Amino acid sequence: MRHPIFLAALAGCAMTLSGCMGNNSDAEVARAMKSVNAVDETNLTDIMLTVADPNEAVTYFTRLSNDHPDRIDAKRGLAKSLVRAQKPVQAVKVWQEVIAMPGATNDDRVSMAEAQIRSNDWSGAKATLDTVPPTHETYDRYRLEAMVADSEKKWKKADSFYETAAGLTTKPAGIYNNWGFSKLSRGDAAGAERLFKEALTYDPTRFTTKNNLVLARASQGKYDLPVIDMTQTERAQLLYTAGLAAVKRGDVNIGKTLLQDAIDTNPQYFAEADRALKALDQGSSSALKG
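What comes next is a walk through the structure. The structure displayed is predicted, hence computed values, not measured ones.

Notes on the overall build of the protein
Link 1 in the chain: Helix and strand counts for the protein stand at 16 helices and 0 strands.
Link 2 in the chain: A burial count over the protein gives 41% of its 290 residues as buried.
Link 3 in the chain: In the protein, of all internal contacts separated by at least 6 residues, the share reaching a separation of at least 24 is 48%.
Link 4 in the chain: Of the roughly 15700 Å² of accessible surface on the protein, 52% is carried by carbon and sulfur atoms.

Quick word on unusual backbone geometry
Link 1 in the chain: Its identity as a non-glycine residue notwithstanding, Q86 has a phi of 60°, on the positive side.
Link 2 in the chain: Looking at the element boundaries, Q86 is found in the loop between α4 (72–84) and α5 (88–99).
Link 3 in the chain: Here Q86 falls in the exposed class, since its relative accessible area comes to 71%.
Link 4 in the chain: Residues other than glycine seldom take positive phi values, yet N120 does so here, at roughly 70°.
Link 5 in the chain: Relative to the elements of secondary structure, N120 occurs in the loop between α6 (106–118) and α7 (122–130).
Link 6 in the chain: The exposure class of N120 is exposed, given its relative accessible area of 58%.

Description of the nonpolar core
Link 1 in the chain: Of all hydrophobic cores here, the largest spans 23 residues; its most connected members are M48, Y60, F61, L78, L82 and W95.
Link 2 in the chain: Within the residue set of this core, elements represented by two or more residues are α2 (26–50), α3 (54–67), α4, α5 and α6.
Link 3 in the chain: Apart from the residues lying within four places of it in its own chain, the contact partners of L78 are V58, F61, T62, S65 and V94.
Link 4 in the chain: By size, the runner-up hydrophobic cluster in this structure holds 21 residues, among which are Y240, V247, L258 and L280.

So, the packing of helix α9 (residues 155–166) against helix α10 (residues 173–185)
Link 1 in the chain: Axis separation between α9 and α10 bottoms out at 9 Å; the angle between their running directions is 165°. Classified by the angle their axes make, α9 and α10 are roughly antiparallel. Where α9 crosses over α10, the two elements pack in a sense that is left-handed. Here W155, D159, Y162, E163, A165 and A166 of α9 come into contact with α10, specifically with I175, Y176, N178, W179, S182 and K183.

Some words on the pattern of salt bridges
Link 1 in the chain: In the structure shown here, the tally under the stated rule is 21 salt bridges.
Link 2 in the chain: Salt-bridge contacts for R186 lead to D159; the nearest nitrogen and oxygen are separated by 2.8 Å. Placement of R186 in the loop between α10 and α11 (189–202) and of D159 in helix α9 is noted, with a sequence separation of 27 residues between them.
Link 3 in the chain: Under the relative-accessibility criterion, R186 is labelled partly exposed at 22%.
Link 4 in the chain: D203 serves as the salt-bridge partner of R206, at 3.9 Å between the closest nitrogen and oxygen.
Link 5 in the chain: Using a relative accessible area of 30% as the deciding quantity, one classes R206 as partly exposed.

Concerning the packing of aromatic side chains
Link 1 in the chain: Taken as a whole, this structure holds 6 aromatic pairs when the rule is applied.
Link 2 in the chain: With a centroid separation of 6.0 Å and an interplanar angle of 35°, the aromatic rings of Y142 and F161 are classed as tilted. Taken together, the residues Y142 in helix α8 (residues 139–151) and F161 in helix α9 connect sequence positions 19 residues apart. Across this residue pair, the class does not change: Y142 and F161 are buried.
Link 3 in the chain: Plain terms: the ring middles of Y240 and F270 are 5.2 Å apart, the flat faces sit at 50° to each other, and that makes the pair tilted. Placement of the pair is Y240 in helix α13 (residues 232–248) and F270 in the loop between α14 (252–265) and α15 (271–281), with a sequence separation of 30 residues. Comparing Y240 with F270 shows no difference in burial state: the two are buried.

Concerning the packing of α10 against helix α12 (residues 207–218)
Link 1 in the chain: It is at 11 Å that the axes of α10 and α12 come closest, and there the two elements cross at 25°. When the interaxial angle is binned, α10 and α12 end up roughly parallel. The handedness of the crossing between α10 and α12 comes out as left-handed. Contact with α10, carried on its side by N177, F181 and L184, involves T208, T209, N212, L215 and A216 of α12 and no other residues of that element.
Link 2 in the chain: Residue classes in the contact of α10 with α12 are distributed as 4 nonpolar, 4 polar and no charged.

Definitions and cut-offs
- Residues numbered from 1 in each chain as written.
- Predicted model: local features only at pLDDT ≥ 70, side-chain atom pairs only at ≥ 80, totals over all residues.
- Heavy atoms only, no water.
- Helix = DSSP H or I, 4+ residues; strand = E, 2+ residues; numbered from the N terminus.
- Buried < 20%, exposed > 50% of the residue type's maximum accessible area, 1.4 Å probe, protein only.
- Contact = heavy atoms within 4.5 Å.
- Areas by Shrake-Rupley, 256 points an atom, 1.4 Å probe, with all protein chains shown as cover.
- Core = buried A, V, L, I, M, F, W, Y, C linked by side-chain atoms within 4.5 Å.
- Axes fitted to C-alpha atoms, helices over the stretch in contact; angles between N-to-C directions.
- Parallel < 35°, antiparallel > 145°, perpendicular 65-115°, else oblique.
- Left-handed = near helix turned anticlockwise from the far one by under 90°.
- Salt bridge = Lys/Arg side-chain N within 4 Å of Asp/Glu carboxyl O.
- Phe/Tyr/Trp six-rings, centres within 6.5 Å; stacked < 30°, edge-to-face > 60°.
- Nonpolar A, V, L, I, M, F, W, Y, C, P; charged D, E, K, R; others polar.

Here is the structure:
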C-alpha cells in the first residue's frame, strides 16, 4: 500500500534528477535512482510496520525477505508483522531466524520473547529472556520479565520488574494497569486499586483501567463508582461491572440496583444489563455468579 502523494513526490524527484544529470553517464543516473528507491523502500517499510493492514505487511515482508534472504531488516519486519497479524507462533519461527543472523540484537531477543508469550510459550519466553544480559535495561525487557514472573507466581520479582519498567517509560499507564491486574489476581484488591488509580493519572481515557478499578473496588465491597472522568456510556458499563461483581459477592439486592442504574444511565438500549437483571428477577442469580 503506497500513499499517492508520497509516490508523486518520488516521481518528481526522479524527473528532477534526470533533468539535472543532463549528459552525465548512465551509471551516475542509476546511482541517483538507487538512492531515490532506497528512500521509497524506507518509507514504505515504516508504513507497513505501522498503519498498513497487518496481512498486507506480512505479504510485503515475505516477498522482501524471499528476494533478499540475507537482509535482517526484512526478516525483522516480517516477524513484527506476523505479531501484528496475530500469528505469534509463525512470528517466533521468524524471530529464531533473525537471532541466528549476523547483526541480531538483544532487542530482537526481547521481541522473540514477547512473541513466545503471545503464543503461550512461557517457558520458552523465560529461556529467551535469560539469554539477554542484565545490562540490557529497557522498558520492554522488564515488562516481559514481570509477566513471566507473574506466570510463575513469583510476586516479589514481579513487583520489582513492574516498578523498574514503570521507571523506564514516559507513558507508564499500561504497565501500572498490568501491575494492578497482577495484584488483583493474587487477591490484593487494595493494592490493585492504588495502581489502577495511578495508571489513570497518566491516561485518564483508558477504559480497561477504569473497568479494572471498579472491579478492584467491588472486590472490597465498595460499589460506588470512583471519581474519575467518564462518558455516560462508560458510566453505564461501569455500573454494569459493579452490579455483576456485587452479585458474585452475594450482594444480590445491591447488584440489582446497580444493574437498573446501568440500564437507566445508558443512552441506548443496554441488552446485557437488561438480560442480567431479568435473570436476577427470575431467581437465576447463581448463573451470574459463575
